[in-house]
Amino acid sequence: MAADKQSEIKRSGMDENKENLGLEILQIIKESQQQHGLRHGDYQRYRGYCSRRLRRLRKTLGFKVGHRHKFTGKKVTVEMVSDNRYLLLVLMESERAWSYAMQLKQEANTEPRKRFHLLARLRKAAKHGEHLERLCESPRVDAKTKLEAQAYTAYLTGMVQFELQEWKAAMEAFNKCKTIYEKLASAFTEEQAVLYNQRVEEISPNLRYCAYNIGDQNAINDLMQMRLSAGGSGGMMAEKLETLITQTRAKQAATMSEVEWRGRTVPVKIDKARIFLLGLADNEAAIAQASSEETKERLYETLLAECRDTIQAVREEIRIDVKTRERGSEPEGGKVSNLQFLHSYLTYIKLWTVVKRNESMAHTLQAKLKEPEMDDSKRGPRPQDLIRLYDIILQSLAELSVIQGMEEDQTFQKEVALKTLVYKAYRCFFIAQSYVLVKKWSEALVLYERVLKYAQEVQSKAKSLNNSLKDLPDVQELIAEVNAEKYSLQAAAILDKEDVAETPIQPNVKENKPLCDRLDAFRLDPTLVGKQPNLVEFPPDFQPIPCKPLFFDLALNHVAFPPLDDKVEQKGKGGLTGYIKGIFGFGS
């Protein structure tokens, strides 16, 4: 009886614990995604993590699905849910299928056949989500987990319908998900509501895109505003917005057929060029409205990347067009073809965007340059940084002047020359400031005079060109700033000379003189306590020493030696044989 009572007490305690089962679904998946690859868009790594976690959970719970050689399918039932790890098991199965689908979506850009596999994996993820929702209907699970499971399932269902382009069904599912997360965010504290609000922000672009496809023409403007509000953070949210905006423009581009530039109308038959040119005005407006420099920089980079891709597509069409003309032996006239003129227009957009981006960066650096440095340990901006930016601007303008088809356009060439003068003046101004920092007063003064010369040329040439200075920096402000800098430079130069004159003459002590040679003169030398003190000169210098004397025998020339004829052996006569040899010269 005592044993039965103890077992009943244990059972009642387990039942009490079972009634309080809960799982932070959104928090778990967000933390897992951020820690295991999705911060960098690596879905394959996240999928591997989900597989490993599933294996650990099955091993811990003893919920094995067969062995090494045979698979035995098992499903988690409501009766088995005595631990929230069973709910986590189903959640990881769903996340694994979803991450595989997203990986296939990235690969489907180059391999369209993988789209079928992508849809299958998304359906599988939604099926696991529905299974999780059914498990959470158990009375043992708390209300918060039930709501999170419903929102999670609605999100996956919406993703499936979104990929199938069932816009109404997708919109209903996303709206349900958004409503649940908004209610959960309002029911908890601000710290807990951050995750739910982030999820709502992720769903909003999909909702606006569904609305656009259903018939709401204002949805594209909402997507542009969302991209601006995303800031410079980039990441998955920014990538999703860019994809949706591109898809929306692709639908609108069907109505665009031509573009006008420099008084010439050119037909646009390439879809990529249509999409880019259609969104050009929106991109420029978004850059103008950007509140932070990071957002503006990101938008410039996005615009330049799209422009490069479009130029590449037009180049390929030009190659095909040239080959077709060579086969047909069509005579080429002096006029630039429509495709080549379109290529020149896109090149102009790219180069002018580079100019505006570097000018924006220069304005930011110039504002920081005027601010006082708070932290001496950190390197602040210098005039040399601005010189580099203006070098890039001048290089882009030089490329603008040689764009194909614009060589004969005198107005265009004059505008480019005027812009070049403006940016040359600014570049010269910052070169002068870099000389001021190293106290080269005369060089800086000459450069300031050159800045004024450039500025006066700009003002004289701008009168003949209407509206040529509207997109350029104000030259009048530069002239006023140069005049002020000239006066301050002259004052600094005079003060610098007075300081030199008032400085007492120091004893002329060589800096490289070793300590042993200046023992009688005291001077504070911090190098003596350093790693390389100058104590003695090593190796020592060469010194003259007396050389070994050389002896020359001069008396030998004046000595008369006695004759030695009697000591020398006389040769005897050789007889007849010697005589004959002497006649014929054999002996000589």
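- Taking an unreviewed UniProt entry as the reference, the protein chain is identified by name as Signal recognition particle subunit SRP68 belonging to Clupea harengus.
- The UniProt entry for the protein chain carries this comment under Sequence similarities (unreviewed entry): "Belongs to the SRP68 family."

## Details of the environment of Leu472
Here is step 1 of the chain: Note that Leu472 resides in the loop between α16 (441-462) and α17 (475-502).
Here is step 2 of the chain: Take Leu472: its relative accessible area is 9%, and that puts it in the buried class.
Here is step 3 of the chain: Taking the C-alpha atoms as reference, Leu472 lies 9.3 Å from Glu359; in sequence the two are 113 residues apart.
Here is step 4 of the chain: Once you skip the residues sitting within four places of it in the chain, Leu472 turns out to touch Trp352, Lys419, Val422 and Tyr423.

## What about the packing of helix α3 (residues 43-61) against helix α4 (residues 84-107)?
Here is step 1 of the chain: Here α3 crosses α4 at 160°, and the two axes come no closer than 8 Å. It follows from the interaxial angle that α3 and α4 lie roughly antiparallel. Considering how the two elements wind past one another, α3 and α4 form a crossing that is left-handed.
Here is step 2 of the chain: Of the residues contributing to the contact of α3 with α4, the split by class is 13 nonpolar, 6 polar and 7 charged.

## Some thoughts on a nonpolar patch on the surface
Here is step 1 of the chain: Together, Leu535, Val536 and Phe538 give the surface a local cluster of nonpolar side chains, amounting to about 350 Å² of exposed area.
Here is step 2 of the chain: Mapping Phe538 onto the fold places it in the loop between α17 and α18 (575-584).

## Looking at helix α7 (residues 167-187)
Here is step 1 of the chain: Helix length check: α7 (21 residues) gives 30 Å between terminal C-alpha atoms against 30 Å at 1.5 Å per residue, within 8%.
Here is step 2 of the chain: Among the residues of α7, Trp167, Ala170, Ala173, Phe174, Cys177, Ile180, Tyr181, Leu184 and Ala185 are the ones counted as buried. The buried residues of α7 all sit within an arc of 165° when viewed along its axis, so they share a single face. Exposed side chains of α7 directed beyond 90 degrees from the buried face belong to Lys168, Glu172, Lys183, Ser186 and Ala187.
Here is step 3 of the chain: The secondary structure elements touched by the buried residues of α7 are α2 (25-35), α6 (143-163) and α8 (190-214).

## Some points on the pattern of salt bridges
When the charged atoms of two side chains with opposite charge come close together, those side chains can pair.
Here is step 1 of the chain: One pass over the structure, following the stated rule, counts 15 salt bridges.
Here is step 2 of the chain: Residues Lys356 and Glu359 are paired through a salt bridge, measuring 3.3 Å at the closest nitrogen-oxygen approach. Placement of both Lys356 and Glu359 in helix α13 (residues 338-370) is noted, with a separation of 3 residues, approximately one turn of the helix.
Here is step 3 of the chain: Note on Lys356: relative accessible area 22%, which makes it partly exposed.
Here is step 4 of the chain: You can call Glu359 buried: its relative accessible area is 6%.
Here is step 5 of the chain: The shortest N-O distance in the salt bridge between Asp391 and Arg427 comes to 2.5 Å. Separated by 36 residues along the polypeptide, Asp391 in helix α14 (residues 383-400) and Arg427 in helix α15 (residues 410-437) bring together distant segments of the chain.
Here is step 6 of the chain: Classification of Arg427 by relative accessible area gives partly exposed; the value is 27%.
Here is step 7 of the chain: Residues joined by salt bridges that share partners form a network here, namely Lys30, Arg199 and Glu202.

## Let's talk about the packing of aromatic side chains
Here is step 1 of the chain: Under the defined criterion, the tally for this structure stands at 18 aromatic pairs.
Here is step 2 of the chain: Three or more aromatic residues joined by ring pairs form one cluster here, namely Tyr390, Tyr423, Tyr426, Phe429, Phe430 and Tyr448.
Here is step 3 of the chain: The ring of Phe341 has Arg264 sitting right over it, with the charged end atom 4.6 Å from the ring centre.
Here is step 4 of the chain: For the cation-ring pair, Lys419 lies above Trp352, with the distance from its terminal atom to the ring centre recorded as 4.1 Å.

## Re unusual backbone geometry
Here is step 1 of the chain: The amide bond that connects Phe538 to the next residue, Pro539, takes the cis arrangement and shows omega of -5°.
Here is step 2 of the chain: Structurally, the position occupied by Pro539 is in the loop between α17 and α18.
Here is step 3 of the chain: For Arg262, which is not a glycine, the phi torsion comes out positive at approximately 55°.
Here is step 4 of the chain: As for its position among the elements, Arg262 is in the loop between β1 (258-261) and β2 (264-267).
Here is step 5 of the chain: Accessibility expressed as a relative area gives 33% for Arg262, which makes it partly exposed.

## Section: the environment of Ser344
Here is step 1 of the chain: Considering the arrangement of structural elements, one finds Ser344 in helix α13.
Here is step 2 of the chain: With 58 residues separating them along the chain, Ser344 and Val402 place their C-alpha atoms 9.9 Å apart.
Here is step 3 of the chain: Non-local contacts of Ser344, meaning those with residues more than four positions away in its chain, are made with Trp261, Ile403 and Gln404.

Parameters and conventions
Each chain carries its own residue numbering, running from 1 in the written order of its sequence. Two thresholds apply to this predicted model, a pLDDT of at least 70 for residue-level local features and 80 or more for giving and counting side-chain atom pairs, whereas whole-chain, interface and lining totals are computed over all residues. No hydrogens and no water enter the side-chain calculation; it runs on all heavy atoms of the structure. UniProt positions are given in the numbering used here, feature names are shortened, and annotations may be inferred rather than shown by experiment. Put simply, DSSP H or I for four residues or longer makes a helix, DSSP E for two residues or longer makes a strand, and each gets a number counted from the N terminus. Only protein chains enter the calculation, and the probe is 1.4 Å; a residue is then buried if its accessible area is under 20% of its type maximum, exposed if over 50%, and partly exposed in between. Note on definitions: a residue-residue contact is assigned when non-hydrogen atoms from the two residues lie within 4.5 Å. Angles run from 0 to 180 degrees between N-to-C directions of axes, and those axes are lines fitted to C-alpha atoms, restricted for helices to the stretch in contact. What sets the label is the angle itself: under 35 degrees gives roughly parallel, over 145 gives roughly antiparallel, 65 to 115 gives roughly perpendicular, and the rest give oblique. Here is the rule for handedness: rotate from the far helix to the near one, and if that takes an anticlockwise turn smaller than a right angle the crossing is left-handed, while a clockwise turn gives right-handed. For this classification, the nonpolar set comprises Ala, Val, Leu, Ile, Met, Phe, Trp, Tyr, Cys and Pro, the charged set comprises Asp, Glu, Lys and Arg, and every other residue, Gly included, is treated as polar. Residues with no salt bridge and a relative accessible area higher than 30% make up the patches, which join like charges within 9 Å and nonpolar side chains (Val, Leu, Ile, Met, Phe, Trp, Tyr) within 5 Å. Where accessible areas are quoted, they stem from the Shrake-Rupley method and a 1.4 Å probe; at the residue level, only the protein chains shown are allowed to cover. Should a side-chain nitrogen of Lys or Arg be within 4 Å of a carboxyl oxygen of Asp or Glu, the pair is scored as a salt bridge. To estimate how far a helix should extend, the number of its residues minus one is multiplied by 1.5 Å. The arc in question is traced by the directions running from the helix axis to the C-beta atoms. Side-chain rings of Phe, Tyr and Trp, where Trp is taken by its six-membered ring, are said to pair if the distance between their centres is within 6.5 Å; with planes under 30 degrees apart they count as stacked, over 60 as edge-to-face, and otherwise as tilted. Here, over-ring charges are defined by two tests on the NZ atom of lysine or the CZ atom of arginine: distance to the ring centre within 6 Å, and angle to the ring normal within 35 degrees.

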